[in-house]
Amino acid sequence: MKPFDPQYPLLKEMYQDEYFPDFLVDKVRRELQKVIHLLESGEINVKVVQKKLDEVICAINDLQDEFDENDSEIETVARDCIGETVAYILEWFGIPIETEEAIRERDW
């Protein structure tokens with residue numbers, strides 16, 4: 001069991017951009033932390049990890065209306081930030097899933 005990199009700032013670009021309300025970025029972060037917790041538990045089965053990623057990405061998809069209601073959206077900066085964060089998580093834990101596959105359920 002390997003802990004996640006405590007120095008890596010999850011979703012840093014989204015937190016730094018006032019366009020994204022922090023409370024919504026917090027919700028995205030909490031979803032991504034579900035993947036981190038799974039991987040910290042020692043899970044390395046690619047199918048299990050991908051299933052959790054699919055669930056998390058679908059939950060992030062469900063936040064789109066809330067972003068809209070707060071004059072924001074999951075757009076280019078957010079897409080890139082989320083994708084880069086997922087890529088870093090997978091790389092940190094040595095999980096061989098390509099980023100595009102990892103976030104395949106996105107509709108943003």
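Residues numbered from 1 in each chain as written. Predicted model: local features only at pLDDT ≥ 70, side-chain atom pairs only at ≥ 80, totals over all residues. Heavy atoms only, no water.

Asks: How should the overall build of the chain be read in this particular structure?
Replies: For the chain, the helix and strand inventory stands at 6 helices and 0 strands. Each helix (α) and strand (β) of the chain, taken in turn from the N terminus, gives the series α-α-α-α-α-α. Structurally, the chain occupies a C-alpha span of about 40 × 30 × 20 Å along its principal axes. Counting every position in the chain, which comprises 108 residues, the buried fraction comes to 41%. (Helix = DSSP H or I, 4+ residues; strand = E, 2+ residues; numbered from the N terminus. Buried < 20%, exposed > 50% of the residue type's maximum accessible area, 1.4 Å probe, protein only.)

Asks: Would you mind going over helix H3 (residues 46–61) with me for this structure?
Replies: An ideal rise of 1.5 Å per residue puts 22 Å on 16 residues; H3 measures up with 22 Å between its terminal C-alpha atoms. The inward-facing, buried residues of H3 contact helix H2 (22–40), helix H4 (64–69), helix H5 (76–93) and helix H6 (99–102). One side-chain oxygen of the residue at the start of H3 lies 2.8 Å from the amide nitrogen of Lys 47, identifying that residue as Asn 45. (Expected span 1.5 Å × (residues − 1). Contact = heavy atoms within 4.5 Å. Polar contact = N/O pair within 3.5 Å; in protein donor to acceptor, adjacent residues only side chain to side chain.)

Asks: Teacher, can you tell me more about the nonpolar core here?
Replies: For soluble globular proteins, nonpolar side chains are generally found buried alongside one another. Counting 33 residues, the largest nonpolar core has Leu 11, Met 14, Ile 60 and Ile 82 as the members making the most contacts within it. Taken together, the elements giving at least two residues each to this core come down to H2, H3 and H5. For this core, the element with the highest residue contribution is H2, accounting for 8 residues. In contact with Ile 60, not counting residues within four places along its chain, are Val 28, Glu 31, Leu 32, Ile 74, Ile 82 and Trp 108. (Core = buried A, V, L, I, M, F, W, Y, C linked by side-chain atoms within 4.5 Å.)

Asks: Any chance you could explain the packing of H2 against H5 here in plain terms?
Replies: Each pair of packed helices can be described by the angle between their axes along with the distance between the axes. At a minimum axis separation of 11 Å, H2 and H5 run at an interaxial angle of 10°. On the basis of the axis angle, H2 is roughly parallel to H5. In this structure, H2 contributes Val 28, Leu 32, Val 35, Ile 36, Leu 39 and Glu 40 to the contact, and H5 contributes Ile 82, Thr 85, Val 86, Ile 89 and Phe 93. Among the residues forming the contact of H2 with H5, the class breakdown is 9 nonpolar, 1 polar and 1 charged. (Axes fitted to C-alpha atoms, helices over the stretch in contact; angles between N-to-C directions. Parallel < 35°, antiparallel > 145°, perpendicular 65-115°, else oblique. Nonpolar A, V, L, I, M, F, W, Y, C, P; charged D, E, K, R; others polar.)

Asks: Any chance you could explain the packing of H2 against H3 here in plain terms?
Replies: As a packed pair, H2 and H3 sit with axes 9 Å apart at the nearest point and diverge in direction by 170°. Put simply, H2 runs roughly antiparallel to H3. On H3, the residues touching Val 28, Glu 31, Leu 32, Lys 34, Val 35, Leu 38 and Leu 39 of H2 are Val 48, Val 49, Lys 52, Leu 53, Val 56, Ala 59 and Ile 60.

Asks: Got a minute to help me understand a negative patch on the surface in this structure?
Replies: Where like charges cluster on the molecular surface, the negative patch consists of Asp 62, Asp 65, Asp 68, Glu 69, Asp 71, Glu 73 and Asp 107. Assignment of secondary structure puts Glu 69 in helix H4. The exposure class assigned to Glu 69 is exposed, which follows from its relative accessible area of 62%. (Patch = residues over 30% accessible without salt bridge, like charges linked within 9 Å, V, L, I, M, F, W, Y side chains within 5 Å. Areas by Shrake-Rupley, 256 points an atom, 1.4 Å probe, with all protein chains shown as cover. Salt bridge = Lys/Arg side-chain N within 4 Å of Asp/Glu carboxyl O. Lys, Arg positive; Asp, Glu negative; His and termini not counted. Charge placed at Lys NZ, Arg CZ, Asp CG, Glu CD.)

From the geometry alone we can't say anything about function, so treat these as descriptive.
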